[in-house]
Amino acid sequence: MNQPSRAEKFVLPDGVRKLTFTRDTKVANAGTFVVQKEDHTLGNAVRMQLHRDPEVVFSGYQVPHPSDNRIVIKVRAASAQSLGFLFLSAVRTRDPLALTARPPPSRPQVHTTKNSSPMQAMTEAVDCLRTEITDISQKFVDEVDSFRANQQ
Amino acid sequence: MAPTTEPKQRSPSIVVQELTHEKIRFALLHTDTSVANALRRVIIAEVPTLAIDLVDVIENTSCLCDEFIAHRLGLIPLLSEKAVEMEFPYDYAGDDESVTDVHFELNTGICASAETVDVTSNDLVCYDPRVAPVNYHPGESIKGKGGAMEFEAQAAARGPDDGPDIPGVVIVKLRRGQQINMRCVARKGVGRDHAKWQPVATATYRFEPEITINEELMATLTEEEKMAFVESSPTALFRYDEATRRVVVDAPDQARSYGYDGECLKKAEELGKPGLVDIRAKEDAFHFTVESTGALRPEEIVVNALKVLERKMEVTRGELDILEREQDEQVAM
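Residues numbered from 1 in each chain as written. Chains lettered and ligands numbered in written order. Predicted model: local features only at pLDDT ≥ 70, side-chain atom pairs only at ≥ 80, totals over all residues. Heavy atoms only, no water.

### Some remarks on the interface of chain B and chain A
Contacts between the two partners involve 58 residues from chain B, matched on the other side by 59 residues from chain A. Summed over both partners, the interface of chain B with chain A comes to about 5,700 Å²; 61% of that surface belongs to carbon and sulfur atoms. At the boundary of chain B and chain A, one finds 11 salt bridges. With its nearest N and O atoms 2.7 Å apart, the salt bridge here joins A:Glu38 to B:Lys312. Between chain B and chain A we count 22 residue pairs in polar contact (both at pLDDT 80 or more) in total. Taken together, the elements giving at least two residues each to the side of chain B that touches chain A come down to strand E1 (13-19), strand E2 (23-29), helix H1 (33-45) and helix H8 (298-332) of chain B. Residue contributions to the side of chain B that touches chain A peak at 20 residues, all from H8(B). (Contact = heavy atoms within 4.5 Å. Buried area = accessible area lost by both parts, 1.4 Å probe. Salt bridge = Lys/Arg side-chain N within 4 Å of Asp/Glu carboxyl O. Polar contact = N/O pair within 3.5 Å; in protein donor to acceptor, adjacent residues only side chain to side chain. Helix = DSSP H or I, 4+ residues; strand = E, 2+ residues; numbered from the N terminus.)

### Points about the packing of helix H1 (residues 40-51) of chain A against helix H3 (residues 117-151) of chain A
Residues and elements named next belong to chain A. Contact geometry for H1 and H3: axes closest at 9 Å, N-to-C directions at 110 degrees. The orientation of H1 relative to H3 falls into the category roughly perpendicular. Pair H1 / H3 crosses with right-handed handedness. Residues Ala45, Val46, Gln49 and Leu50 of H1 form the contact with H3, whose participating residues are Ala121, Met122, Ala125, Val126, Cys128, Leu129 and Glu132. (Axes fitted to C-alpha atoms, helices over the stretch in contact; angles between N-to-C directions. Parallel < 35°, antiparallel > 145°, perpendicular 65-115°, else oblique. Left-handed = near helix turned anticlockwise from the far one by under 90°.)

### Overview of the sheet that holds strand E3 (residues 56-62) of chain A
Residues and elements named next belong to chain A. Ordered by their spatial adjacency, four strands build an open sheet running E1-E2-E4-E3, and the pairing between neighbours is antiparallel. Taken across any chain shown, the strands that pair with only one partner, and hence form the sheet edges, are strand E1 (19-23) and E3. Direction aside, the axes of adjacent strands within the sheet are offset by 15 degrees on average. Pairing of E3 with strand E4 (residues 70-77) involves six bridges; the strand directions are antiparallel. Bridged to Gln62 within E4 is Val72. The sheet contacts of H1 involve strand E2 (30-36), E3 and E4, and relative to E3 the element is tilted by about 170 degrees. (Pairing = 2+ DSSP bridges.)

### Here we look at the pairing of E1(B)
Where a strand is regular, its side chains alternate between the two sheet faces. All names here are of chain B. Both E1 and E2 contribute to a ladder of six bridges, which runs antiparallel. Of the residues in E2, the one forming a bridge with Val16 is Phe26. In this structure, the hairpin formed by E1 and E2 is closed by a connection of three residues.

### Re the domain arrangement of chain B
Residues and elements named next belong to chain B. Partitioning chain B into structural domains gives domain 1 (10-47 + 199-211 + 282-332), domain 2 (49-198) and domain 3 (215-275). The distance between the C-alpha centroids of domain 1 and domain 2 comes to 30 Å. Taken together, the 14 residues of domain 1 in the interface contact 19 residues of domain 2. Summed over both partners, the interface of domain 1 with domain 2 comes to about 1,300 Å²; 50% of that surface belongs to carbon and sulfur atoms. At the junction of domain 1 with domain 2, the criterion picks out zero salt bridges. If you list the elements that add at least two residues to the side of domain 1 that touches domain 2, you get H1 and H8. Across the side of domain 1 that touches domain 2, the residue classes tally to seven nonpolar, four polar and three charged. (Domains from an automatic or database assignment. Nonpolar A, V, L, I, M, F, W, Y, C, P; charged D, E, K, R; others polar.)

### Observations concerning the packing of aromatic side chains
This structure, assessed with the given rule, holds 11 aromatic pairs over all chains. Between A:Phe140 and B:Phe26, the aromatic rings sit 5.2 Å apart at their centres with planes inclined by 75 degrees, giving edge-to-face as the arrangement. Of the two residues, A:Phe140 sits in helix H3 while B:Phe26 sits in strand E2, which places them in two different chains. A:Phe140 gets classed as buried once you look at its relative accessible area, which sits at 0%. Through a chain of ring-to-ring contacts, three or more aromatic side chains come together here, namely A:Phe140, B:Phe26, B:Tyr205, B:Phe207, B:Phe286 and B:Phe288. Between B:Lys188 and the ring centre of B:Phe88, over which it is positioned, the NZ or CZ distance is 4.6 Å. Above the ring of B:Trp197, the side-chain terminus of B:Lys196 is found at 4.9 Å from the ring centroid. (Phe/Tyr/Trp six-rings, centres within 6.5 Å; stacked < 30°, edge-to-face > 60°. Buried < 20%, exposed > 50% of the residue type's maximum accessible area, 1.4 Å probe, protein only. Lys NZ or Arg CZ within 6 Å of the ring centre and 35° of its normal.)

### So, the layout of surface pockets
Residues and elements named next belong to chain B. Size it by volume and the largest pocket reaches roughly 840 Å³. If you go around the largest pocket, you meet 28 residues; those closest to its centre are Glu46, Phe88, Asp91, Val308 and Arg311. The element best represented in the lining of the largest pocket is H8, accounting for eight residues. Looking at side-chain class alone, the lining of the largest pocket contains 12 nonpolar, two polar and 14 charged residues. Its boundaries defined by the atoms lining it, the second largest pocket holds a volume of some 540 Å³. (1 Å grid on protein atoms, 1.4 Å probe; cavity = no way out; pocket = protein on both sides within 12 Å on 5 of 7 lines; lining within 4 Å. Points joined across faces, edges and corners; volume = space filled by probe spheres on them.)

### Quick look at the environment of B:Arg25
Residue and element names in this part refer to chain B. For Arg25, the position within the fold is in strand E2. Under the relative-accessibility criterion, Arg25 is labelled partly exposed at 24%. Separated by 179 residues in the primary sequence, Arg25 and Thr204 have C-alpha atoms spaced 9.8 Å apart. In this view, Arg25 contacts Val15, Val16, Gln17, Glu18, Phe288 and Thr289; residues no more than four positions away in its chain are not counted.

### Regarding the environment of B:Asp123
Residue and element names in this part refer to chain B. Among the secondary structure elements, Asp123 is positioned in the loop between strand E5 (117-120) and strand E6 (124-126). With sequence-adjacent residues up to four places away left out, Asp123 is seen in contact with Glu105, Leu106, Asp118, Ser141, Ile142 and Lys143. Within the structure, Asp123 has its side chain in polar contact with the backbone nitrogen of Thr120 (distance 2.9 Å).

As structure tokens, this is what we get:
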């Protein structure tokens, strides 16, 4: 039959990694994740979660081709010195002075402790989503039970 | 640090509004569209069910060709409680067929009736007591032989039994002398692969409307105009309160079914009072409607979908860990 094999949508071929990360060669603290066998379901959720992270300057995803089962997620995390970060904090605090001021020394959760800030941002985003879904799952089961109990 | 307007970690809540054996309505609150949409997508495309996937044709003298009937067989929803214990055929490497396959038989015998006879899902015979077509009544089959068999799946709590008055799914019609004899294999699959594995007929969410009435403007309307305004919306959004002579937003449950048709806004403009009411979609309240095909109970579909989504996140997290470890090793070298 002239159609791609069914398994192609689900099964990772030998030697192909589910997730890869390529550091951007031109922009500091930025990189690209490629996730195999995933689609908008994961891509959009992760991207929106990354947007909630104040240390993330940019995040976006794409499905490069509808019949290639993979997504590409680009992340740029702020570094303490990056203009991007300062600009971002200026916007967030609505304080024009922050554009010239140095960031305060004690900032928790800045993804620059390691050489892998986009990785850290990504890990945190996925963790948050996982906790959220577990939470929804638990609440849903409880709600269904109490709904049934109320009906009887 | 830069003040975060909202914490990264959300804690959404769920309110179940309606639950029957084929439909659930619930609200998902305090979260993002991306999460609501992920849930909707997983419900449609990634909750595993069973469907007939392979058909061996032994005899087919009916008016439909083999592949036409095979396709129709695939689309019959099967009770899929067993799917969670089964393996996807493309994942399983072992030899135990019982883990991936459920066998069915469809053998009508030579049709002896002078009239045209319907071959329905009730004519399918399955030897796994937990798997059967939805609304299965083997007693209603052409041969009527399966009536004595006790079907565990049928007996399982499925809400009020719909009784034999719900006819089986028609597969093909036979004339005198025609015959069908097929062996089918049902397998576990997901809707992403083929729509026959979709557990739902409907899976949608809508945004909750937030309706505010400009009381000052409203007070300038005459009684008739107020009544006309209330009547203008096809979904009951507003109510004219006789006692206070004011227009009020009707019960919020009603307002939830608002289709954003804008009819009342048009009416307001017609009355020469634009801005009489303001209707906005809330961005963090999602009203889900999930209708099952009968393959799984509706609440089960949602629970399974959440599990699939959770698993997705776990796998991604695991892969991130591996990547991070590799990076550390590279740095160490």
